[in-house]
Amino acid sequence: NRRVTVRDLALAKQRGERWPMLTAYDALTSRVFDEAGIPVLLVGDSAAMVVFGYDSTLPVTIDDMVPLTAAVSRSTKRALVVADLTFGSYQGSAEQALAAASRLMKDGGAQAVKLEGGRRIAPQVETLVSAGIPVMGHIGLTPQSVNVLGGYRVQGRGEAGADLLADAKELERAGAFAVVLECVPADLAAEVTAQLTIPTIGIGAGVHTDAQVLVWQDMAGLTPHVAKFVKTYADLGASLTAAARSYAEEVVAGTFPEERHSYS
Ligand code: KIV
Ligand code: NA
């Protein structure tokens, strides 16, 4: 009854086994996902939106991510916990990346980190891996670069496909244990998956990747507007709205609490 390791994920690819990843940010929900058997939990910088209420991932900091990561690590037993390096915490140099990643590992208890970018950040990947930190790459739509990309749009179409494949190969060469492909055409994701020995994790990348990831609030129906690539597996938004309304009505009516909820 040990945690999933990056080695388990490498073996899964050799065996042709697909696996799911979900984001996680707090104790109770990460425990639910761990007990449901989700093998990899990502403390994503999507926390900027779904936890902190910003409208992009840019404002969130390593200081913000550490307590969320620690909550997820403390509340899970089986899942591999991966935490995102935040905008501005790793692009400057390999030394800066090592300092930021160390905080997520030591103070947050993560077992791996994720960072955005391809060939440009290979030196960071090499330094982290040689320091003993497993690194997950993330290419395609990289939300920390939304201002350069000009919006949240599909990446790697046409000519840009070759660049994306080169980025993926360079991440593998630099020692990454897996790579997220976000919002890329399904046939390109299939090609990258076939050419890499490390697992690919798709989000808006079709069915041919080795793994899939979704933001849990998106797949559970809490997020008001979701992208085309999201499937909602539950309607927690409607359930919570109904619960809050019933509670409010009963408080106003004086029908809650009842005697069985009260102390004599
Ligand atoms: O921050 C996040 O949630 C992510 C996933 C969508 C891959 O990076
Ligand atoms: Na992220």
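Residues numbered from 1 in each chain as written. Chains lettered and ligands numbered in written order. Predicted model: local features only at pLDDT ≥ 70, side-chain atom pairs only at ≥ 80, totals over all residues.

1. Brief notes about the overall build of the protein chain
Consideration 1: Looking only at helices and strands, the protein chain has 11 helices and eight strands in total.
Consideration 2: At 20 Å, the protein chain has a C-alpha radius of gyration in line with the 18 Å of a compact globule built from 264 residues.
Consideration 3: Counting only C-alpha atoms and orienting by the principal axes, one finds that the protein chain spans roughly 65 × 40 × 40 Å.
Consideration 4: Per-residue burial over the protein chain gives 44% buried out of 264 residues.
Consideration 5: In the protein chain, once contacts between residues fewer than 6 apart in sequence are set aside, the share between residues at least 24 apart is 59%. (Helix = DSSP H or I, 4+ residues; strand = E, 2+ residues; numbered from the N terminus. Rg over C-alpha atoms; globule rule 2.2 N^0.38 Å. Buried ≥ 20, exposed ≤ 12 C-beta atoms within 10 Å, placed from the backbone. Contact = placed C-beta atoms within 7 Å.)

2. Thoughts on unusual backbone geometry
Consideration 1: In the segment running from Phe256 into Pro257, the intervening peptide bond is cis, with an omega of 0 degrees.
Consideration 2: As for its placement among the helices and strands, Pro257 is situated in the segment after helix 11 (236-253).

3. Regarding helix 8 (residues 160-174)
Consideration 1: Over its 15 residues, helix 8 extends 21 Å from the first C-alpha to the last, a length consistent with the 21 Å expected when each residue adds 1.5 Å.
Consideration 2: Taken as a whole, helix 8 has its buried residues at Leu164, Asp167, Ala168, Leu171, Glu172 and Ala174.
Consideration 3: One or two residues past the end of helix 8 sits Gly175, with phi positive at roughly 115 degrees. (Expected span 1.5 Å × (residues − 1).)

4. So, the site of ligand 1
Consideration 1: Neighbouring residues of ligand 1: Thr23, Leu42, Gly44, Asp45, Ser46, Asp84, His138, Val180, Ile203, Val213 and Val215.
Consideration 2: The residue makeup of the shell around ligand 1, split by class, is five nonpolar, four polar and two charged. (Near = placed C-beta within 6 Å. Nonpolar A, V, L, I, M, F, W, Y, C, P; charged D, E, K, R; others polar.)

5. Thoughts on the sheet that holds strand 7 (residues 200-203)
Consideration 1: The sheet built from eight strands closes into a barrel, its strands ordered 1-2-3-4-5-6-7-8 with parallel pairing. In this sheet, adjacent strand axes meet at a mean angle of 25 degrees when their direction is disregarded.
Consideration 2: The pairing of strand 4 (residues 112-114) with strand 5 (residues 135-140) spans two bridges and is parallel. From the neighbouring strand, Val113 faces strand 5, where its bridge partner is Val135.
Consideration 3: Contacts from helix 4 (residues 62-74) reach strand 2 (40-43) and strand 3 (80-84), with the element oriented near 170 degrees to strand 3. (Pairing = 2+ DSSP bridges. Axes fitted to C-alpha atoms, helices over the stretch in contact; angles between N-to-C directions.)

6. With respect to the packing of helix 4 against helix 5 (residues 94-106)
Relative placement of two packed helices is described by the angle separating their axes and the distance separating the axes.
Consideration 1: Two elements in contact, helix 4 and helix 5, have axes whose closest approach is 8 Å; the angle formed by their N-to-C orientations is 25 degrees. Taken together, the axis directions place helix 4 and helix 5 in an arrangement best described as roughly parallel. Relative to helix 5, the crossing made by helix 4 is right-handed. Residues Ile62, Met65, Val66 and Thr69 of helix 4 form the contact with helix 5, whose participating residues are Ala100, Arg103 and Leu104.
Consideration 2: Of the residues assigned to the contact of helix 4 with helix 5, the class counts are five nonpolar, one polar and one charged. (Parallel < 35°, antiparallel > 145°, perpendicular 65-115°, else oblique. Left-handed = near helix turned anticlockwise from the far one by under 90°.)

7. Looking at the UniProt feature "active site" (unreviewed entry) in the protein chain
Consideration 1: Per the UniProt record, "active site" (unreviewed entry) is found at Glu182.
Consideration 2: Within the element layout of this structure, Glu182 appears in strand 6 (residues 178-182).
Consideration 3: Excluding residues that lie within four positions of it along the chain, Glu182 makes contacts with His138, Gly140, Leu141, Ile203, Gly204 and Ala205. (UniProt positions renumbered as here; feature names shortened; annotations may be inferred.)

8. Some points on the environment of Leu58
Consideration 1: Looking at the element boundaries, Leu58 is found in the loop between helix 3 (47-50) and helix 4.
Consideration 2: For the pair formed by Leu58 and Gln144, sequence separation is 86 residues and the distance between their alpha carbons is 5.9 Å.
Consideration 3: For Leu58, the contacting residues outside a window of four places in its chain are Phe87 and Gln144.

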